[in-house]
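Okay, here's what each chain looks like letter by letter:
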Amino acid sequence: MPKFFILLLTLILSVFLSAAFAAGEEKTLRGKHLEAELSCADCHGTDTPEKKASQKACKGCHEGMENEPPVIFIEENGKKHEVNPHNAHPGQMRCTLCHSIHKPSTLYCNEGCHHTFNAKVP
Ligand code: HEC
Ligand code: HEC
Ligand code: HEC
């Protein structure tokens, strides 16, 4: 009997944990890419990655981001700016400065140099 309960408990726990894990995944770009049926290898070149993927992979699938229309960045004081985050004054920056894959993305412009923009980075 105790064996049965342990088995049941393990089952319940594993269902619960995988649901919690899946919910966390959706918030990251990794989740979004896996939803689009991409695999680890599409970015990492291997199905058993150990280190970071190169941004060359991003550009292979997301070409011409620098030609996208500008978006509105709103400063903390309410001032609006038309910015192309993919071709701003420093030119095209490394994708992973802003877009993280396995953790939430951050707006690199806000780190140190600048004003504080309220802009969402997917
Ligand atoms: C859309 C591209 C993409 C996909 C899909 C992806 N990764 Fe990554 N991975 C990255 C990038 C970029 C980094 C660098 C860190 C970051 O941006 O979060 C990284 C980092 C890593 C690292 C190194 C962590 C570190 O801090 O050194 C591992 C391990 C890893 N990924 C495993 C995986 C596995 C396993 C999968 C599939 C389930 C996967 N990745 C899917 C792009 C991707
Ligand atoms: C093998 C092709 C492929 C690679 C490699 C790839 N992506 Fe994607 N990416 C996709 C697809 C497909 C989608 C989902 C459809 C869409 O939004 O265009 C997507 C979606 C996105 C989105 C939009 C998510 C949203 O909220 O709409 C961002 C941002 C993104 N990718 C950034 C990256 C970055 C950064 C890298 C490199 C680390 C990368 N991608 C590598 C194919 C790829
Ligand atoms: C300075 C920060 C920054 C850098 C660097 C950056 N992005 Fe973005 N990216 C953004 C922001 C902000 C958005 C949201 C734009 C919007 O609201 O439409 C975005 C949106 C996207 C999207 C989804 C929206 C769309 O138009 O399809 C993709 C895909 C993407 N970026 C890919 C890339 C790739 C590939 C690179 C590297 C060549 C890159 N980004 C570099 C900030 C950045």
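Presented here is a report on the structure given in the accompanying data block. (Residues numbered from 1 in each chain as written. Chains lettered and ligands numbered in written order. Predicted model: local features only at pLDDT ≥ 70, side-chain atom pairs only at ≥ 80, totals over all residues. Heavy atoms only, no water.)

**Let's talk about the overall build of the chain**
What counts is decided by this rule: Segments assigned H or I by DSSP are reported as helices when at least four residues long, segments assigned E as strands when at least two residues long, and all are numbered from the N terminus. Here the term buried applies to any residue with accessible area under 20% of the maximum for its type, exposed to any over 50%, and partly exposed to those in between, with areas from a 1.4 Å probe on protein chains only. Between two residues, a contact is recorded if the distance between any of their heavy atoms is within 4.5 Å. Methods summary: accessible areas were calculated by the Shrake-Rupley approach with a probe of 1.4 Å, and residue burial reflects only the protein chains presented.
Of the regular secondary structure elements, the chain holds five helices and three strands. The secondary structure elements of the chain, listed N-terminal to C-terminal, are α-α-α-α-β-β-α-β. Each of the 122 residues in the chain was classed as buried or not, and the buried ones make up 13%. Taking as baseline every contact in the chain between residues at least 6 positions apart, the subset at least 24 positions apart corresponds to 35%. As displayed, the chain offers around 9,700 Å² of accessible surface, 61% of which is attributable to carbon and sulfur atoms.

**So, the site of ligand 2**
Heads up, the condition is: The near set for a molecule or strand comprises every residue that places at least one heavy atom within 4 Å of it. We define a polar contact as two N or O atoms separated by no more than 3.5 Å, with the added condition that, inside protein, one atom must be a possible hydrogen donor and the other a possible acceptor, whereas residues neighbouring each other in sequence contribute only through side-chain atom pairs. Under the scheme applied, nonpolar residues are Ala, Val, Leu, Ile, Met, Phe, Trp, Tyr, Cys and Pro; charged residues are Asp, Glu, Lys and Arg; polar residues are all the others, including Gly.
Every one of the 15 residues lining ligand 2 counts as a neighbour, but Lys32, His33, Cys58, Cys61 and His62 are closest to it. The contact in question runs from a nitrogen atom of ligand 2 to an N or O atom on the side chain of histidine 33, over 2.8 Å. One of the side-chain N or O atoms of histidine 62 is found 2.8 Å from a nitrogen atom in ligand 2. Elements with a contribution of two residues or more to the shell around ligand 2: helix H2 (29–35), helix H3 (40–44) and helix H4 (55–61). Split by residue class, the shell around ligand 2 holds 10 nonpolar, three polar and two charged.

**Digging into the packing of aromatic side chains**
Put simply, the test is: Here is the rule: rings of Phe, Tyr and Trp (six-membered ring for Trp) pair when centre to centre is within 6.5 Å. Planes less than 30 degrees apart are stacked, more than 60 are edge-to-face, and the remainder are tilted.
Taken as a whole, this structure holds one aromatic pair when the rule is applied. Considering the side-chain rings of phenylalanine 73 and phenylalanine 117, the 5.2 Å spacing of their centres and the 50° angle between planes classify their relative orientation as tilted. Of the two residues, phenylalanine 73 sits in strand S1 (residues 71–75) while phenylalanine 117 sits in strand S3 (residues 117–118), which places them 44 residues apart along the sequence. For the pair shown, phenylalanine 73 and phenylalanine 117 are each scored as buried.

**Let's talk about the site of ligand 1**
Close to ligand 1 lie 15 residues; Arg30, Cys40, Cys43, His44 and His102 are nearest. Contacts to ligand 1 include histidine 44, whose side-chain N or O atom sits 2.8 Å from a nitrogen atom. Isoleucine 101 is positioned such that a nitrogen or oxygen atom in its backbone is 3.3 Å from an oxygen atom of ligand 1. Counting only elements with at least two residues in the shell around ligand 1, the list comes to H2 and H3. No other element matches the three residues that H3 contributes to the shell around ligand 1.

**Here's the deal with the coordination of the iron atom of ligand 1**
Under ideal tetrahedral coordination, the four donors around a metal are separated by 109.5 degrees; under ideal octahedral coordination, the six donors are separated by 90 or 180 degrees. The following threshold applies: With water excluded from the atoms, a metal site may look incomplete; its donors are any N, O or S atoms within 2.8 Å, or within 3.2 Å for Na, K and Ca. Think of it this way: with four donors and all angles in the 85 to 135 degree range, the site is tetrahedral; with four or six donors, opposite ones beyond 155 degrees and the rest between 65 and 115, it is square planar or octahedral; otherwise it is irregular.
Coordination sphere of the iron atom of ligand 1, protein contribution only: His44 (NE2) and His102 (NE2), at 2.0 Å. Geometry at the iron atom of ligand 1 is octahedral, judged from the six donor atoms that bind it and their angles of 87 to 178° at the metal. A residue pair is termed long-range when its members are at least 10 positions apart, and histidine 44 in helix H3 and histidine 102 in the loop between helix H5 (95–98) and S3 qualify at 58 residues. A relative accessible area of 25% means that histidine 44 is categorised as partly exposed.

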